[in-house]
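Residue-level structural notes
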Amino acid sequence: MSFPISLTVNGVKRNVELDDPRVTLLDLLRERLDLPGTKKGCDRGQCGACTVLVDGRRVNSCLALAVSHDGAEVLTIEGVARGNTLHPVQAAFIEHDGFQCGFCTPGQIMSALGLIAEGQAGSDPERVREAMSGNLCRCSAYAGIVEAVLDAQKKLDDSQQRSAA
Amino acid sequence: MKSFDYVRASTIAEAIAASAMPGAAYLASGTNLLDLMKTGAARPDRLIDITHLAGLDRVERLADGGLRIGALVRNAHLAHDAAFARAYPAVAEALLSGASAQLRNAATVGGNLLQKTRCAYFYDPFSACNRREPGSGCAALQGENRLHAVLGWSPSCIAVHPSDFCVPLVALDAVVEIEGKGGRREIALDALHRLPGDAPERETVLEPGDLVTALRLPAEAASFAGHTRYLKLRERTSYAFAVVSAAAALDIADGTIRQARLALGGVAAKPWRARAAEQSLAGARPGEAAFERAAEAALADARPSGDNAFKIELARRLVVRTLTLAAAGTPQRLPALPGSPFSSHPGAHA
């Protein structure tokens, strides 16, 4: 039995015939849609390496069945930059050394994008740390990650204010 | 993961009909169920996807002043609803003290109520577990059990219910709306989860096919908004289940507690309403003496189920701390670390 689903990934509509309902959103992205930027860490919702935005909200794609995401809009790390121009969050991770080995970084960046969109943390590093606690970094680049998120949020706020003025 | 049939329900009636088959399970966001299916602890034959059911993702104010929260409302959506957080701040704090931002964005209100214990032996299909496999025994009794139950446990099962959300909800007399083969009914949240007794596999009073459609808070629940907190002790400050947690809600007038609500989490197979403690607080002046009496009353029946005697004293002290912070006044803004007992926010004296 096959399960046809249709979802928008990084702005592109994708029609997929799933041959098995067990496929997670993570495996769909990595193994069937050629988007391996989203990482499989624990595959249990504990590490955050698989974080993507679904309908604008950050979620663990390893704990989501692809088949139940018919109609969803998904943003992965591959859809974040504009051509060769990095997104301000990506640029801030480089500027602040927000990583070492880089494995958790796509998830960290997607989680940071989600956090900034949620607008709950502001400029309080404690709130940023709390809000990023679903993303583990085995290299322990946490100090740089928090700085990167705060800096990216400030730059995005400033540019929003400029464009509103 | 074992293979399963997948059915997408488009109406509640269709979902209930599809669940008639043994081995069927409802799928909402799946943050708990998929995890259990990956380890083999859950092995449903058929998943009935309810995420496309219309109308279950709304928060509605009721004419009587109460609130109805659809079962498919996401935990984060509810916690960040400003009007909700103002009226039920301890519930918002409990929600935000649980899991991670990613999980709260996915996990639903109904799923939170029905999540399984985090007992490691329940998760491991090769361990004895009466809750997962009736009659197989309980590996936790002689195993790693420092986080297990101190109230309401039995020799057949010492697991705890892990929800934060349920703790203030049960204190506030939340009601669960259910649709099933016999039609619609409702029960108090306090009556939803069962203590293990000799049948720990029957975790709730739900019958096969029953679908939780909504959760309701009575109008009176908002009257505690000025003096309420949820505190959660855990082994790290974020993204961890409670060792013990407490929700306290006080109605204080003229320096006297008119009414108190108190519930504990992480101590039993259900969110634990501490009614004797509530009674001891009614009419008392808020302060250390009254709060210590309440803590004694709340834990009077507690006994260790293993290496967890420390949880009893920890819970007593947490009750005192939670009542103290609740009496001081609900903070204007949720603390940076929701549920932390170390929060320095003195609170607005409402």
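Residues numbered from 1 in each chain as written. Chains lettered and ligands numbered in written order. Predicted model: local features only at pLDDT ≥ 70, side-chain atom pairs only at ≥ 80, totals over all residues.

Points about the interface of chain B and chain A
- Taken together, the contact pairs 23 residues of chain B with 28 residues of chain A.
- For the side of chain B that touches chain A, the secondary-structure elements that each account for two or more residues are helix H2 (33-39) and helix H6 (101-106) of chain B.
- Sort the elements by how many residues they give to the side of chain B that touches chain A and H6(B) lands first, with 5 residues.
- Class assignment of the residues belonging to the side of chain B that touches chain A gives a composition of 11 nonpolar, 9 polar and 3 charged. (Contact = placed C-beta atoms within 7 Å. Helix = DSSP H or I, 4+ residues; strand = E, 2+ residues; numbered from the N terminus. Nonpolar A, V, L, I, M, F, W, Y, C, P; charged D, E, K, R; others polar.)

Notes on the sheet that holds strand E4 (residues 59-61) of chain B
All names here are of chain B.
- One open sheet holds the 5 strands; their spatial order is E4-E5-E8-E6-E7, and the pairing between them is antiparallel. Edge positions in the sheet fall to E4 and strand E7 (183-188), since each of these pairs with one other strand and no more. In this sheet, neighbouring strand axes are inclined to one another by 25 degrees on average, regardless of whether the strands run parallel or antiparallel.
- By the bridge criterion, 4 bridges tie strand E5 (residues 67-70) to strand E8 (residues 211-217) in an arrangement that is antiparallel. Bridge pairing in E8 places isoleucine 69 opposite leucine 215. (Pairing = 2+ DSSP bridges. Axes fitted to C-alpha atoms, helices over the stretch in contact; angles between N-to-C directions.)

Considerations on the nonpolar core
All names here are of chain B.
- The biggest cluster of nonpolar side chains holds 161 residues, and the ones touching the most others in it are Ala149, Ala247, Leu262, Leu264, Val267, Ala294 and Val319.
- Here this core gets 8 residues from one element, more than from any other, and that element is helix H12 (residues 310-328).
- Filtering out sequence-adjacent residues up to four positions away, valine 267 remains in contact with Ala149, Val150, Leu151, Val160, Val244, Trp272, Lys311 and Ala315. (Core = buried A, V, L, I, M, F, W, Y, C linked by C-beta atoms within 7 Å. Buried ≥ 20, exposed ≤ 12 C-beta atoms within 10 Å, placed from the backbone.)

Brief notes about the packing of helix H2 (residues 88-95) of chain A against helix H3 (residues 105-118) of chain A
Residues and elements named next belong to chain A.
- Interaxial distance between H2 and H3 falls to 10 Å at its minimum, and their mutual angle equals 125 degrees. Compared by their axis directions, H2 and H3 come out oblique. Between H2 and H3 lies a crossing of right-handed hand. Mapping the contact onto sequence places Val89, Gln90 and Phe93 in H2 and Thr105, Ile109, Ala112 and Leu113 in H3. (Parallel < 35°, antiparallel > 145°, perpendicular 65-115°, else oblique. Left-handed = near helix turned anticlockwise from the far one by under 90°.)

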